[in-house]
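A closer look at the structure
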Amino acid sequence: MKSGPNHFSTIVHLLPAATRRRGYRPRGLAAALFLLLAGLLPATALEPGGIKPAPNPLILISIDGFRWDYLARYAAPVLQQLAGQGVRAERMNSVFPAKTFPNHYSLVTGLYPEHHGIVSNWFFDPAFGETFGMSKPESNTNPRWWGGEPIWITAEKQGLRSACFFWPGSETTHQGFRPSFFKPFNGKLPSNDRVDGLLAWLDLPAGQRPQVSTLYFDIVDHAGHTFGPDAPETQAAVAAVDASIGRLLAGLTARGIREHTNLVIVADHGMADCGPDKVIFLEDLMDMNTVQVESLGPNGGVRPKTGTAAELVASIRAKKPAHVQVYLREEVPANLHYRDNPRIPPVMLIADEHWNIESRVGWSFRSRTYSRGSHGWDPATSDMGALFLAQGPAFRQGVILKAFDNIHVYNLLCAALGLQPAPNDGDDRLVRAALAK
Ligand code: AMP
Ligand code: ZN
Ligand code: ZN
């Protein structure tokens, strides 16, 4: 397993190691330093009547599957201009697995999937005896699946209004709170309609209008899957999303709020090419009658129905399969942070980049329309890297950051909004690198 690029160049060692541990929560001297450096102290001063001054509005935009290098590789004039004006990362590292739901939820909670509980797009919960699925309404609306505290809940709890024009986790309540505005996911809604929907929320009178919003685009991911990351169709999808973000900026300008608005634009993961010729069949590795299959694709997960997980792992290893590593959940490489949750399958198979774990069931049919691009491999691989940029009055200008992990974004969002972050796995390094002094 390659170790991931994970450094903030000049800023890594500025605070004591204790502040860089998992579950960082500012305390004592470290808290004062953190708040000072994060620019939070002015926000704690109350206006007469005890009302906190409203922060500048922040819009968190996700372009699903926008690989880090698309920014330079494909024409995206709006994003390129924003990157030049603000902070951009050379790349941002996904959490494992590099899939949509775990990564979107890590971005807004600062937690690894093993801690927020959305361990994949689809997973089995042994306590519930049920399967979570990204397209199941119950999974998206029932709070029992969703741990951690997403940014819109942090905002609502601390008196700000939030709005989600789509984001995994936004359709459920959390400790009785929910975003002031949200939409049930509709993948068919065109990108420009999503922009116009968000702008309509921003047209509400002050006091009702959201101060923190999310916006989500999926056409770059769709093109990447169908045609591959190198295809002209993927290039065209990048251009189309770029134009939609241009529409958003024009809408902000028309409302006189462009200069005050902070934008954080991210992707959940990258995209690597693949195809039906690079496939590992589960049937070649195990007796399918003895396991419950819980995931397929760049990583596979199975739960033994008979025998132990250790016996299954030993028998798979004895076959010396090519292009795949097999692990007990407890043995998954520590840098993947993917052990500490019973929803993680007890036996994990992680394919080499470009390879997929598949079942022969329906294969002759499915192989004909098999994806030309996918994601979910080790986040350290180059192709899994994601976009990150931040622009607006809260952020530094003309800064390029070394690669960092997406669990740090939540603390940056909180700092830009003057919010006290909930306990999380991130630390303050991104805040210190990206926030305007
Ligand atoms: P992935 O297979 O990991 O690439 O997932 C991408 C898909 O997730 C997109 O095609 C979207 O349709 C879907 N998706 C994204 N956000 C949501 C959401 N909030 N609710 C349901 N599905 C979503
Ligand atoms: Zn995605
Ligand atoms: Zn995808």
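Residues numbered from 1 in each chain as written. Chains lettered and ligands numbered in written order. Predicted model: local features only at pLDDT ≥ 70, side-chain atom pairs only at ≥ 80, totals over all residues. Heavy atoms only, no water.

Attention now goes to the overall build of the protein chain. When its secondary structure is counted, the protein chain shows 15 helices and 20 strands. Evaluated residue by residue, the protein chain yields a buried proportion of 57% over its 437 residues. Split by element, the accessible area of the protein chain, about 17,200 Å² in all, is 56% carbon and sulfur. (Helix = DSSP H or I, 4+ residues; strand = E, 2+ residues; numbered from the N terminus. Buried < 20%, exposed > 50% of the residue type's maximum accessible area, 1.4 Å probe, protein only. Areas by Shrake-Rupley, 256 points an atom, 1.4 Å probe, with all protein chains shown as cover.)

The next point concerns the nonpolar core. Within the largest apolar cluster, 55 residues are counted, with the highest numbers of intra-cluster contacts made by Ile-151, Val-264, Phe-388 and Phe-395. Ranked by the residues each element gives to this core, the list is headed by helix 14 (residues 409–417), at 8 residues. When residues of this core are assigned to domains, at least three map to each of domain 2 (58–273 + 381–434) and domain 3 (279–370). Excluding anything up to four places from it in sequence, Phe-388 contacts Val-87, Arg-88, Ala-89, Met-92, Val-264, Ile-265, Val-266, Phe-404, Val-409 and Leu-412. (Core = buried A, V, L, I, M, F, W, Y, C linked by side-chain atoms within 4.5 Å. Domains from an automatic or database assignment. Contact = heavy atoms within 4.5 Å.)

Looking at the zinc ion (ligand 3), one finds its protein donor set to be Asp-221 (OD), Asp-221 (OD), His-225 (NE2) and His-375 (NE2), positioned 2.0 to 2.5 Å from the metal centre. All donors of the zinc ion (ligand 3) belong to a single chain; written as a sequence motif, their spacing is D-x3-H-x149-H. The distance between the zinc ion (ligand 3) and the zinc ion (ligand 2) comes to 4.1 Å. Taken together, the residues span a long stretch of sequence, with His-225 in helix 10 (residues 219–227) and His-375 in the loop between strand 17 (373–374) and strand 18 (388–391) at a distance of 150 residues. Here His-225 and His-375 have matching classes, each one buried. (Donors = N, O, S within 2.8 Å, 3.2 Å for Na, K, Ca; no water.)

Looking now at the coordination of the zinc ion (ligand 2). For the zinc ion (ligand 2), the full set of protein donor atoms is Asp-64 (OD), Asp-64 (OD), Thr-100 (OG1), Asp-268 (OD) and His-269 (NE2), and the range of their distances to it is 2.0 to 2.7 Å. In primary sequence terms, the donor set of the zinc ion (ligand 2) follows D-x35-T-x167-D-H. For Asp-268, a relative accessible area of 0% gives the class buried. When its relative accessible area of 0% is taken as the criterion, His-269 is described as buried.

Attention now moves to the packing of helix 10 against helix 11 (residues 232–254). In the contact formed by helix 10 and helix 11, the axes pass within 8 Å of each other and the chain directions differ by 180°. On the basis of their axis angle, the class for helix 10 and helix 11 is roughly antiparallel. Listed contacts from helix 11 to Ile-219, Val-220, Ala-223, Gly-224 and Phe-227 of helix 10 are Glu-233, Thr-234, Ala-237, Val-238, Ala-240 and Val-241. (Axes fitted to C-alpha atoms, helices over the stretch in contact; angles between N-to-C directions. Parallel < 35°, antiparallel > 145°, perpendicular 65-115°, else oblique.)

The next point concerns the pattern of salt bridges. Scanning the entire structure with this criterion turns up 18 salt bridges. Here Arg-67 and Asp-69 are joined by a salt bridge, their closest N and O atoms 2.7 Å apart. Note on Arg-67: relative accessible area 5%, which makes it buried. Taking the relative accessible area as the measure of exposure, Asp-69 reaches 17% and is therefore buried. Ionic pairing is found between Arg-329 and Glu-330, a salt bridge with its closest N-O pair at 3.7 Å. Three or more residues are tied together by salt bridges with common partners; here these are Arg-67, Asp-69, Arg-73, Asp-230 and Asp-383. (Salt bridge = Lys/Arg side-chain N within 4 Å of Asp/Glu carboxyl O.)

The full set close to ligand 1 counts 14 residues, and Thr-100, Asn-121, Met-134, His-222 and His-375 are the nearest of them. In the model, an oxygen atom of ligand 1 is placed 2.6 Å from a nitrogen or oxygen of the Thr-100 side chain. His-222 places a side-chain nitrogen or oxygen 2.6 Å from an oxygen atom of ligand 1. Starting from 500 Å² of accessible surface for ligand 1 in isolation, the protein chains cover 85%. Mapped by element, the contributors of at least two residues to the shell around ligand 1 are helix 5 (100–109) and helix 10. Counting residues per element, the shell around ligand 1 draws most heavily on helix 10, at 3 residues. Classifying every residue of the shell around ligand 1 gives 6 nonpolar, 5 polar and 3 charged. (Near = heavy atom within 4 Å. Polar contact = N/O pair within 3.5 Å; in protein donor to acceptor, adjacent residues only side chain to side chain. Nonpolar A, V, L, I, M, F, W, Y, C, P; charged D, E, K, R; others polar.)

Counting buried positions along strand 8 (residues 212–217) gives 6 out of 6 residues, so the element sits mostly inside the fold. The sheet contact formed by strand 1 (residues 58–63) and strand 8 spans 6 bridges and is parallel. Bridging across to strand 8, Leu-60 finds its partner in Thr-214. (Pairing = 2+ DSSP bridges.)

The next thing to look at is the pairing of strand 12 (residues 291–295). Bridging between strand 12 and strand 13 (residues 299–304) involves 4 bridges; their strand directions are antiparallel. Looking at the pairing, Val-291 lines up with Pro-304 of strand 13. The antiparallel pairing of strand 12 with strand 13 creates a hairpin that spans 3 residues between the two strands, and Gly-297 there sits at a positive phi of about 110°.

With that settled, the discussion passes to the sheet that holds strand 8. A sheet is described by the order of its strands in space; here 8 strands give the open sequence 7-6-8-1-9-18-2-19, paired in mixed fashion. Bordering the open sheet on either side are strand 7 (181–182) and strand 19 (399–401), each of which pairs with just one other strand. Alignment of strand 6 (residues 162–165) against strand 7, held across 2 bridges, turns out to be parallel. Its bridge partner lying in strand 7, Cys-164 is registered against Phe-182. Along the sheet, helix 11 makes contact with strand 1, strand 8 and strand 9 (262–266), crossing strand 1 at roughly 170°.

This brings us to the sheet that holds strand 12. An order of 12-13-15-14 is seen for the 4 strands of this open sheet, with the pairing classed as antiparallel. In this open sheet, the two edge strands, each paired with only one partner strand, are strand 12 and strand 14 (324–328). In this sheet, adjacent strand axes meet at a mean angle of 25° when their direction is disregarded. Pairing of strand 13 with strand 15 (residues 347–351) involves 4 bridges; the strand directions are antiparallel. Bridge pairing in strand 15 links Gly-301 to Met-348. The sheet contacts of helix 12 (residues 309–318) involve strand 12, strand 13, strand 14 and strand 15, and relative to strand 14 the element is tilted by about 160°.

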